[in-house]
Amino acid sequence: MKNEILIFPRGRFYIEKYNQWLTFDDVFFEKVLLAFNSDLPKPFIDVDHEQKTAFGEIIELKIDKEGLKGKVSWNEKGIELLKNKEYRYTSPSFGEIVDN
């Protein structure tokens, strides 16, 4: 199963983890696209930022008027989480990763 999700909405948001305001705009989105299209590992869907078990992979990114969207290819475990309504929202993990 594949579907599209909004990963980063456009705007300025306070990120408690970093204790700062961040702006998600075309400049930020282009940096994410550059990394996505590089040799870095592709992002995957996990639970609670554990970065262990993958429940799906982000296979495509695009920028539109709402923000940065991704096409997700869910695996069987991810499909079960969706069917059981265990996924309630997305919370992207991101950082300055520049090497494998």
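Scroll up to find the structure.
Residues numbered from 1 in each chain as written. Predicted model: local features only at pLDDT ≥ 70, side-chain atom pairs only at ≥ 80, totals over all residues. Heavy atoms only, no water.

### As for the side chain of Asp46
Okay, so step 1: Topologically, Asp46 is positioned in the loop between strand S4 (44-45) and strand S5 (56-63).
Okay, so step 2: Notably, Asp46 is buried but unbridged: the nearest opposite-charge side chain belongs to Lys52, and the N-O separation is 9.6 Å.
Okay, so step 3: Within the structure, the side chain of Asp46 is placed 3.2 Å from the backbone nitrogen of Glu50, a separation counted as a polar contact. (Helix = DSSP H or I, 4+ residues; strand = E, 2+ residues; numbered from the N terminus. Buried < 20%, exposed > 50% of the residue type's maximum accessible area, 1.4 Å probe, protein only. Lys, Arg positive; Asp, Glu negative; His and termini not counted. Salt bridge = Lys/Arg side-chain N within 4 Å of Asp/Glu carboxyl O. Polar contact = N/O pair within 3.5 Å; in protein donor to acceptor, adjacent residues only side chain to side chain.)

### Here's the deal with the packing of aromatic side chains
Okay, so step 1: A complete count under the given rule lists 6 aromatic pairs for this structure.
Okay, so step 2: A ring pair is formed by Phe24 and Phe28, whose centres lie 4.9 Å apart and whose planes are at 45 degrees; its orientation type is tilted. For the residue pair Phe24 and Phe28, the accessibility class agrees, reading buried in each case.
Okay, so step 3: Measuring from centroid to centroid gives 6.1 Å for Phe28 and Phe29, while their planes differ by 70 degrees, and the two rings are edge-to-face. In this pair, the class of Phe28 matches that of Phe29, namely buried.
Okay, so step 4: These aromatic residues form a ring-pair network of at least three members: Phe8, Phe13, Phe24, Phe28 and Phe29.
Okay, so step 5: For the cation-ring pair, Lys42 lies above Phe36, with the distance from its terminal atom to the ring centre recorded as 4.7 Å. (Phe/Tyr/Trp six-rings, centres within 6.5 Å; stacked < 30°, edge-to-face > 60°. Lys NZ or Arg CZ within 6 Å of the ring centre and 35° of its normal.)

### Details of the pairing of strand S3 (residues 20-24)
Okay, so step 1: Judged from the 5 bridges that link them, strand S2 (residues 11-15) and S3 form a sheet pairing that is antiparallel. Across the sheet, Gly11 pairs through a bridge with Phe24, a residue of S3.
Okay, so step 2: The loop that links S2 with its antiparallel partner S3 comprises 4 residues; one of these, Asn19, has a positive phi angle of about 55 degrees. (Pairing = 2+ DSSP bridges.)

### Looking at the nonpolar core
Okay, so step 1: Formed by 17 residues in total, the largest nonpolar core has its most connected members in Phe8, Phe24, Ile58 and Leu61.
Okay, so step 2: When contributions to this core are tallied by element, the ones reaching two or more residues are strand S1 (2-9), S3, helix H1 (26-36), S5 and strand S6 (67-74).
Okay, so step 3: Top contributing element to this core by residue count: H1, with 4 residues.
Okay, so step 4: In this structure Phe24 touches Phe8, Pro9, Arg10, Gly11, Phe13, Ile15, Phe29 and Phe94, once residues within four positions along its chain are discounted. (Core = buried A, V, L, I, M, F, W, Y, C linked by side-chain atoms within 4.5 Å. Contact = heavy atoms within 4.5 Å.)

### Some remarks on unusual backbone geometry
Okay, so step 1: You will see that Asn19, though not glycine, has its phi angle at about 55 degrees, which is positive.
Okay, so step 2: Position of Asn19 among the secondary structure elements: in the loop between S2 and S3.
Okay, so step 3: Accessibility expressed as a relative area gives 58% for Asn19, which makes it exposed.
Okay, so step 4: The residue Lys85 is not glycine, and still its phi comes out positive at about 55 degrees.
Okay, so step 5: Tracing the backbone through its elements, the reader meets Lys85 in the segment after helix H2 (76-83).
Okay, so step 6: Take Lys85: its relative accessible area is 68%, and that puts it in the exposed class.

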